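# Examining the three-dimensional arrangement
Here is what each chain is made of, one letter per residue.
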Amino acid sequence: MSKSSKAPKDPEGRMALADHLRELRSRLVKSVLAIVLLTIVALYFHTQIETFLLKPLPQCTKETSSDFHGKCAQISNIGLTTPFTWTLKVALTAAVVATVPIWLYQLWAFISPGLHKHERRYALSFLGAGVPLFLAGVTCAYLLLPTTVQVLISFSPDNTTPILPPEDYFDIATRLLLVFGCAFEFPLLLVMLNFAGMVTGKRLLGWWRAMIMGITVFAAFATPSTDPLSMLALAAPIWGLYFIAVGIALVNDRRRARRNPDADLDDEEASYVDLSVDSVEASEAPAAPAPVPAARGEQMDDIT
């Protein structure tokens, strides 16, 4: 018995709900497998990764005892399973950062069937912009860690030495890295929605006040420190990226309008119909029919 061949894909990307769910499951499984494999690799190099993350922390040593206005911190493990817990968390965070191209591609591959063929070619551009944006957010968070730690340690009383469990510090560090990296992807998400035809550039521009306020509030809650510098370090780049995304969306809408003038119409909005009437030139009156002969007329009367 021959195996049944797979049904051909719809060229317009239409899929049943069950097919969408199966596609989503497939993309999630591939992303999770990649993260798990990279987590195992990161566990092997966990010492180097932890040393790299601990550099911004002012530890109480002879070299750093006078840093940060005399404030320093002493790292102390509390609990038997605590070292394994924060080591696993650090390795998982490193794996998420390292697999950015993989799970970004899986996200695009899940969305791209709903796009037209001429729009799917932007996959490489999406990956080319998404990976640097995420890494830029991670880099910004790492550069901000010393200031964040300085502000948090400054609340400790004078002549005291804060004792920090590593899991507390790594919770703050990993959260900053992931939050900053994902936040820098937000403008790219807006561009994706515009290319998918879900939102127009004009509408995005009309939301600028709410976007500025929402980004500011998000940055205030996302940064663990209370100083405005940390909040602005996250909010200001996203503000700029948001307006860049709006500009790209407006250019894309203009390009789409040249190809299809009705592209920006809502589903319930009627398209423009030309109802003008062309002028008709008056033609000459038709010639009168020739008179019927009398004999022929009498013959037609006899027939009737």
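Residues numbered from 1 in each chain as written. Predicted model: local features only at pLDDT ≥ 70, side-chain atom pairs only at ≥ 80, totals over all residues. Heavy atoms only, no water.

What follows is about the overall build of the chain. When its secondary structure is counted, the chain shows 12 helices and two strands. When the elements of the chain are put in sequence order from the N terminus, they spell out α-α-β-α-α-α-α-β-α-α-α-α-α-α. Buried residues in the chain amount to 33% of all 304 residues. Sequence-distant contacts, at least 24 apart, represent 78% of the contacts inside the chain between residues at least 6 apart. (Helix = DSSP H or I, 4+ residues; strand = E, 2+ residues; numbered from the N terminus. Buried < 20%, exposed > 50% of the residue type's maximum accessible area, 1.4 Å probe, protein only. Contact = heavy atoms within 4.5 Å.)

This part covers a nonpolar patch on the surface. Taken together, the side chains of V32, V36, L37, L38, I40, V41, Y44 and F45 make up a nonpolar region of the molecular surface, amounting to roughly 780 Å² of accessible area. With respect to the element layout, L38 can be found in helix α1 (residues 17–44). Residue L38 is classed as partly exposed on the basis of its relative accessible area of 32%. (Patch = residues over 30% accessible without salt bridge, like charges linked within 9 Å, V, L, I, M, F, W, Y side chains within 5 Å. Areas by Shrake-Rupley, 256 points an atom, 1.4 Å probe, with all protein chains shown as cover. Salt bridge = Lys/Arg side-chain N within 4 Å of Asp/Glu carboxyl O.)

Here we come to the nonpolar core. Of all hydrophobic cores here, the largest spans 53 residues; its most connected members are L57, L104, F126, Y169, F170 and L234. Per element, the largest residue contribution to this core is 12 residues, and it comes from helix α6 (residues 123–153). With residues near it in sequence (within four places) discarded, L57 still touches A73, I75, V149, I153, L164 and Y169. (Core = buried A, V, L, I, M, F, W, Y, C linked by side-chain atoms within 4.5 Å.)

Across the chain, the average pLDDT comes to 75, with 69% of residues at or above 70. In this model, residues 1–5 is a region of pLDDT below 50 whose contacts with residues beyond four sequence positions or in other chains number zero contacts. A low-confidence stretch, residues 64–69 stays under pLDDT 50, and its non-local contacts, those more than four residues away or across chains, total eight contacts. (pLDDT = per-residue confidence, 0-100.)

Contact geometry for helix α2 (residues 46–54) and helix α3 (residues 82–98): axes closest at 10 Å, N-to-C directions at 85 degrees. With respect to α3, the axis of α2 lies roughly perpendicular. For the pair α2 and α3, contact is made by H46, I49, E50 and L53 and by W86, T87, V90 and A94, respectively. Looking at side-chain class alone, the contact of α2 with α3 contains five nonpolar, two polar and one charged residues. (Axes fitted to C-alpha atoms, helices over the stretch in contact; angles between N-to-C directions. Parallel < 35°, antiparallel > 145°, perpendicular 65-115°, else oblique. Nonpolar A, V, L, I, M, F, W, Y, C, P; charged D, E, K, R; others polar.)

On inspection of all chains with the given rule, the structure shows one salt bridge. Between K89 and D171 there is a salt bridge; the shortest N-O distance is 2.4 Å. Taken together, the residues span a long stretch of sequence, with K89 in helix α3 and D171 in helix α7 (residues 166–183) at a distance of 82 residues.

Taking burial as the measure, the 10 residues of helix α8 (residues 186–195) include seven buried ones, the bulk of the element. Restricting attention to buried positions, one finds in α8 the residues P187, L188, L190, V191, M192, N194 and F195. Immediately beyond the C-terminal end of α8, within one or two residues, lies G197, with a positive phi of roughly 80 degrees.

Attention shifts here to the environment of T147. Tracing the sequence through the fold places T147 in helix α6. Note: C-alpha distance between T147 and P56 (91 residues apart in sequence) is 8.6 Å.

One can find R27 in helix α1. The contacts of R27, once residues within four sequence positions are left out, are Q106, A109 and F110.

Within the fold, L250 resides in helix α11 (residues 228–259). Note on L250: relative accessible area 32%, which makes it partly exposed. Ignoring any residue separated from it by four or fewer positions in sequence, one finds L250 in contact with G201 and K202.

Enumeration according to the criterion identifies six aromatic pairs in this entry. Pairing Y44 with F45 gives two aromatic rings, centres 5.0 Å apart and planes at 85 degrees, and the pair type is edge-to-face. Ring geometry for W103 versus F134: centroids 5.5 Å apart, planes at 85 degrees, classification edge-to-face. Note that W103 is positioned in helix α4 (residues 100–111) and F134 in helix α6, a separation of 31 residues in sequence. Considered together, W103 and F134 belong to a single accessibility category, that of buried residues. Among the aromatic residues, ring-to-ring pairing joins W86, Y169 and F170 into one connected group. (Phe/Tyr/Trp six-rings, centres within 6.5 Å; stacked < 30°, edge-to-face > 60°.)

Turn by turn, an α-helix covers 3.6 residues, leaving residues three or four places apart pointing in a common direction. An ideal rise of 1.5 Å per residue puts 16 Å on 12 residues; α4 measures up with 17 Å between its terminal C-alpha atoms. When α4 is considered as a whole, its buried residues turn out to be V100, W103, L104, Q106, W108 and A109. (Expected span 1.5 Å × (residues − 1).)

Counting through the fold element by element, T39 comes out in helix α1. Each residue touching T39, except ones within four places of it in the same chain, is listed here: L88, A91, L92 and A95.

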